[in-house]
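Architecture at a glance
Each chain is listed here by its residues.
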Amino acid sequence: MDNFRGPLKTDCEEMLGRFQATESVRFERFSAIWKDINFSCIFYGKADPKERRLFARLALSVVSPYFHPPYTFQIRVGGLYLLYGLFHTQLCTPKEKIRIALKDWKDVMQFQQDAEKAQHHDVVYIFKKLMSEKAFLFTAMPTMLSCRMKRDDGKGRNICEEFVDPPTRTQELVTTDVLEELANVHEHYETLKKAVFTDSDSNVNLIEQNLVCKLNNAVLTYSNWQENRTKAEQLDAEEGPSNQDSSRRAQLLASIKSRSYGQVMEASKGRRHRQSQLVRSADGDHTPNGSSKKKRPPSLKNRTQLRFEIKVTPEAVGFLSAVGIFVVLLAILFLFINKKLCFARVGGLPCLEQYSRRKRRDRAGIHQGLGE
């Protein structure tokens, strides 16, 4: 059934577009368009009751979003009429109901109040007719959910921009009631100020005198500017962009690309052992054959040597050598003095001295024996 969603949405938007062109919310205009298109024939061709019910449920779910914001009042009225026609022309028994989420019921009641204030009695009649026939099914979600439901790719949720009101936040905030309230507060403020200060002082005038009028004029000016801008955008969309705008856009894109490609990209954690290279645009250096030379990154050994290499001048080498030799000589001198002092305190080497005396005596005895 999802294959019928796109064509069905196209047909509904075509009918709502024709109803929008009438610039009316009367039901007779809508019924004339319905009969001209013969829209009720969409339910024909399905013999299986199960398929009829599934198709009726799909049709009502496709039309239901047009009955809710952010669409205009006229499009919402057309969505209500379209739901009314589909509900009564479906071939299911019992009839498939219109799903309305509880979070959307507040907007529906506000829509009914707006229709009653504007005295659109046919709109109020159609809505109350559906309510009396219990055509609405109040649910937690606007669409039925299931565990095996396919993942929604967002194709059925696209909003038609032609049916949406332009942003009117300022007009909604600054209404007639708000302006009257501001005028009353300002008048009360002026009365209290006159009662407190007998003499008029310019330093006390913190608020402008014609605040309400200026605020109203500012809102009207903004609404006129917004309307003129919308018309200008529509004309530009019909005529297409000029060559000058296209050239400016192309230059802007080229500058953005040149700046982004001229920056050094930081390598990821797994590739930080490789040297990051500067990626240049079309004006970079190339070989005569047209292919750029890629420098081979240095090896790990070379990079380690370059990282820990210390540059020392010859003067520093000579100075450090002299200091080293001087320290070695001092150590030798210290050891020599320490040895002398140690042997002087002990009183010589008695073992060696006795051995040398015996040796001398033996030599003297040998010489005497030879002399005899």
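Described below are features of the structure shown in this document. Computed from a prediction, not measured in an experiment: that's the story for all the values here.

Some words on empty space enclosed by the protein
In this structure the tally under the stated criterion is one cavity of 30 Å³ or more. Approximately 40 Å³ is the volume attributed to the largest cavity. Phe43, Lys46, Arg52, Phe55, Leu91 and Cys92 are the residues that line the largest cavity. Looking at side-chain class alone, the lining of the largest cavity contains four nonpolar, no polar and two charged residues.

Overview of the packing of helix H4 (residues 73-89) against helix H6 (residues 121-132)
The interhelical angle for the contact between H4 and H6, taken along N-to-C directions, is 40 degrees, at an axis separation of 10 Å. Viewed along their axes, H4 and H6 adopt a mutual orientation that is oblique. For the pair H4 and H6, the crossing hand works out as left-handed. Of the residues in H6, those in contact with Val77, Leu80, Tyr81, Tyr84, Phe87 and His88 of H4 are Asp122, Val123, Ile126, Phe127, Lys129 and Leu130. Within the contact of H4 with H6, the residues separate by chemical class into nine nonpolar, one polar and two charged.

A word on the environment of Arg26
Relative to the helices and strands, Arg26 is located in the loop between helix H1 (5-21) and helix H2 (27-37). When its relative accessible area of 29% is taken as the criterion, Arg26 is described as partly exposed. Remark: the alpha-carbon pair of Arg26 and Tyr81, spanning 55 residues in sequence, is separated by 9.8 Å. Once residues within four sequence positions are removed from consideration, Arg26 is found in contact with Phe19, Tyr81, His120 and Asp122. A distance of 2.9 Å separates a polar atom in the side chain of Arg26 from a polar atom in the side chain of Asp122.

Regarding the pattern of salt bridges
Following the criterion strictly, the structure yields seven salt bridges and no others. When the shortest N-O distance is used, the salt bridge between Glu96 and Arg53 registers 3.0 Å. Residue Glu96 is located in the loop between H4 and strand S1 (98-101), and its partner Arg53 is located in helix H3 (residues 49-63); the two are separated by 43 residues in the primary sequence. A residue is classified by how much of its surface remains accessible, and Arg53, at 25% relative accessible area, is partly exposed.

Here we look at the side chain of His186
Within the element layout of this structure, His186 appears in helix H8 (residues 176-196). Residue class for His186 comes out buried when judged on its relative accessible area of 13%.

A closer look at the packing of aromatic side chains
Inspection of the entire model under this criterion finds 17 aromatic pairs. Aromatic pair Trp34 and Phe39: ring centres 5.3 Å apart, planes at 55 degrees, arrangement tilted. Relative to Phe136, the ring of Trp105 lies with its centre 6.5 Å away and its plane at 65 degrees, an arrangement referred to as edge-to-face. Highlighted residues: Trp105 in helix H5 (residues 105-117) and Phe136 in strand S2 (residues 136-139), separated in sequence by 31 residues. Phe136 sits in the buried class, given a relative accessible area of 7%. An aromatic cluster is built from Phe19, Phe27, Phe30, Trp34, Phe39, Tyr81 and Tyr84, whose rings are joined through pairwise contacts.

Calculation criteria
- Residues numbered from 1 in each chain as written.
- Predicted model: local features only at pLDDT ≥ 70, side-chain atom pairs only at ≥ 80, totals over all residues.
- Heavy atoms only, no water.
- 1 Å grid on protein atoms, 1.4 Å probe; cavity = no way out; pocket = protein on both sides within 12 Å on 5 of 7 lines; lining within 4 Å.
- Points joined across faces, edges and corners; volume = space filled by probe spheres on them.
- Nonpolar A, V, L, I, M, F, W, Y, C, P; charged D, E, K, R; others polar.
- Axes fitted to C-alpha atoms, helices over the stretch in contact; angles between N-to-C directions.
- Helix = DSSP H or I, 4+ residues; strand = E, 2+ residues; numbered from the N terminus.
- Parallel < 35°, antiparallel > 145°, perpendicular 65-115°, else oblique.
- Left-handed = near helix turned anticlockwise from the far one by under 90°.
- Contact = heavy atoms within 4.5 Å.
- Buried < 20%, exposed > 50% of the residue type's maximum accessible area, 1.4 Å probe, protein only.
- Polar contact = N/O pair within 3.5 Å; in protein donor to acceptor, adjacent residues only side chain to side chain.
- Salt bridge = Lys/Arg side-chain N within 4 Å of Asp/Glu carboxyl O.
- Phe/Tyr/Trp six-rings, centres within 6.5 Å; stacked < 30°, edge-to-face > 60°.

In short, shape yes, function no, at least from these values alone.
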